[in-house]
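# Per-entry structural report
Listed below are the residues making up each chain.
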Amino acid sequence: MTPATEERQLRRTLHDTLQSVPPPPVPLEAIARRGKVIRLRRAGAAVGALALAGIVAVTVPALRASQPTAVPPAAPAVTAGPDGVFASGIADGHPWRLAVQNVADPGYRCLPAIVINGTDADPVSPAPGNAASVAPDQAGRGVAFAFIQLPAGVSGVVVNGRQNLPAVIVNACGYRYRLVGFSYPLAGPPRITLAKPYAGWPADVFVPTPTTQDEGLWINTDTAQGVPAPAIVASATVASGTLPGGPGWFIRVQFGPGGDCYEFAGALGGNQMGYCGPVSTPAGPETIMALPLGFGAPGVDAVGYAFPVSPATARVRAVLDNGSSVLATPRIVDGRKYVAFVVPSPRSLHRLIWLDAANRVIASTTAVPRYGYTQFQP
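These remarks concern the structure in this document.

Cut-offs applied
Residues numbered from 1 in each chain as written. Predicted model: local features only at pLDDT ≥ 70, side-chain atom pairs only at ≥ 80, totals over all residues. Heavy atoms only, no water. Core = buried A, V, L, I, M, F, W, Y, C linked by side-chain atoms within 4.5 Å. Buried < 20%, exposed > 50% of the residue type's maximum accessible area, 1.4 Å probe, protein only. Helix = DSSP H or I, 4+ residues; strand = E, 2+ residues; numbered from the N terminus. Contact = heavy atoms within 4.5 Å. Disulfide = S-S within 2.5 Å. Pairing = 2+ DSSP bridges. Axes fitted to C-alpha atoms, helices over the stretch in contact; angles between N-to-C directions.

### Remarks on the nonpolar core
With 29 residues, the main nonpolar core has Trp249, Ile251, Phe264 and Phe295 as its most contacted residues. Among the secondary structure elements, those contributing two or more residues to this core are β4 (112-116), β15 (234-242), β16 (248-256), β17 (259-266), β19 (286-294), β20 (301-309) and β24 (336-344). Ranked by residue count, the leading element in this core is β16, at 4 residues. The residues touching isoleucine 251, leaving out its near neighbours within four places in the chain, are Thr237, Val238, Ala239, Glu263, Phe264, Gly304, Tyr305, Ala306, Ala340, Phe341 and Val342.

### Quick look at the state of the cysteines
For the structure shown, the criterion picks out 2 disulfides. One disulfide bridge connects cysteine 110 with cysteine 173, the sulfur atoms lying 1.8 Å from each other. Where cysteine 110 bonds to cysteine 173 through sulfur, the torsion about that S-S bond is close to -50°, and the disulfide is left-handed. In this pair, cysteine 110 is assigned in the loop between β3 (94-102) and β4 and cysteine 173 in the loop between β10 (168-172) and β11 (175-185), connecting sequence segments 63 residues apart. Taking relative accessible area as the criterion, cysteine 173 reaches 26% and is therefore assigned partly exposed. Sequence-ordered numbering of the bonded cysteines in the protein gives a pairing of 1-2, 3-4.

### Things to note about the sheet that holds strand β5 (residues 119-122)
Sheet strands associate in pairs through backbone hydrogen bonding, adopting either a parallel or an antiparallel arrangement. The 4 strands are arranged β2-β3-β4-β5 in an open sheet whose pairing can be described as antiparallel. Edge strands, defined here as strands with exactly one partner in the open sheet, are β2 (85-91) and β5. Averaged over neighbouring strand pairs, the angle between their axes works out to 20° when direction is ignored. Pairing of β2 with β3, which is carried by 6 bridges, proceeds in the antiparallel orientation.

### What to know about the environment of tyrosine 198
On the secondary structure map, tyrosine 198 appears in the loop between β12 (192-194) and β13 (204-205). On the basis of relative accessible area, tyrosine 198 is assigned to the partly exposed category, the value being 31%. For the pair tyrosine 198 and proline 151, spaced 47 residues apart in sequence, the C-alpha separation works out to 8.8 Å. Contacts of tyrosine 198, omitting those with residues within four sequence positions, involve Pro151, Gly153 and Val154.

### Notes on the sheet that holds β16
With antiparallel pairing, the 4 strands of this open sheet are ordered in space as β15-β16-β17-β18. A single partner strand is all that each edge strand has here, and the edge strands are β15 and β18 (272-277). When strand polarity is set aside, the average angle formed by the axes of neighbouring strands in this sheet is 15°. In this structure, β15 lies alongside β16, joined through 8 bridges in antiparallel fashion. Counted as the bridge partner of alanine 239 is isoleucine 251 from β16.

Following this line, the structure appears as structure tokens:
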């Protein structure tokens with residue numbers, strides 16, 4: 001073999017060897033840059049810091065393009081503003097908002113409650129596990145509003161498979177609430193699911209549905225196992241006395257998540273009457289409750305009246321049908337003013353007059369109930 005032939009054969013062998021060696025790997029940085037370009041073109045969004053995560057984000061949408069879009073989890077929790085509003089919207093053509101506000105009078109211990117449109121309060125603790133709903137008034141007929149108190153491990157909920165609601169952190173009266181709120185039609189209960197599983201909670205969260213007979217009254221229930229029901233905030237006697245026929249009486253209020261619940265009863269036991277009405281806020285409408293009661297003796301009947309009053313109210317004058325009057329002085333129950341009095345049979349209540357500390361008339365009304373309650377804005 002000549003030297004020239006040997007050189008040509010050596011070059012051919014070297015060429016074949018180089019062709020069989022795989023190319024060196026592409027640097028990770030180059031893959032990241034390529035992934036960013038592809039992602040921006042296909043998805044129109046920026047990628048994360050990790051190159052491999054960017055590559056996955058590129059390929060998954062392409063593989064699932066023909067499938068229905070899954071509901072993304074709720075966004076991270078957000079913090080409410082100083083007004084305490086954690087949910088708002090338009091329902092049945094009317095604006096609404098849910099907020100945590102102080103429902104005690106100025107100068108008394110702060111008393112947080114969840115309110116709808118500034119009134120109809122639900123005084124509940126910030127402990128997670130409670131869900132509640134309310135159907136407020138004629139303006140919202142056919143629409144209910146609800147809130148859920150979430151634990152720290154749940155970022156939010158999904159309503160009816162499409163509406164993502166992140167937990168909203170509300171700081172009020174030294175407490176910290178984690179809440180979601182929403183409206184829904186009374187025609188059917190909503191389907192609420194957690195954004196992610198949480199120990200002790202079912203996948204579907206139950207939200208009670210109020211009836212139109214429960215206007216303004218929050219219906220509370222537990223959503224998690226082992227969570228106690230919201231307790232009564234306060235209970236006290238707001239008025240007592242003796243009827244002309246001799247029997248003694250008292251009117252007691254229980255203020256809590258069930259509403260302002262009043263009991264009118266004989267001091268020595270026997271017959272009693274009880275009823276609950278919406279919890280008013282200091283600046284909101286006052287819920288005037290009427291509780292008729294027969295004391296068992298012939299002709300010994302009476303109607304007990306009780307309601308919260310605004311901070312500016314010093315006394316309430318109840319004018320009867322014969323021109324006589326009863327002057328009621330408010331009593332404080334957990335930082336809230338209540339007045340109560342009794343109208344014995346055969347008299348009836350004709351007018352209510354609100355007076356300030358200087359004995360000036362703040363407001364008056366003749367729209368007084370004979371049974372149940374009505375709301376009046378002084």
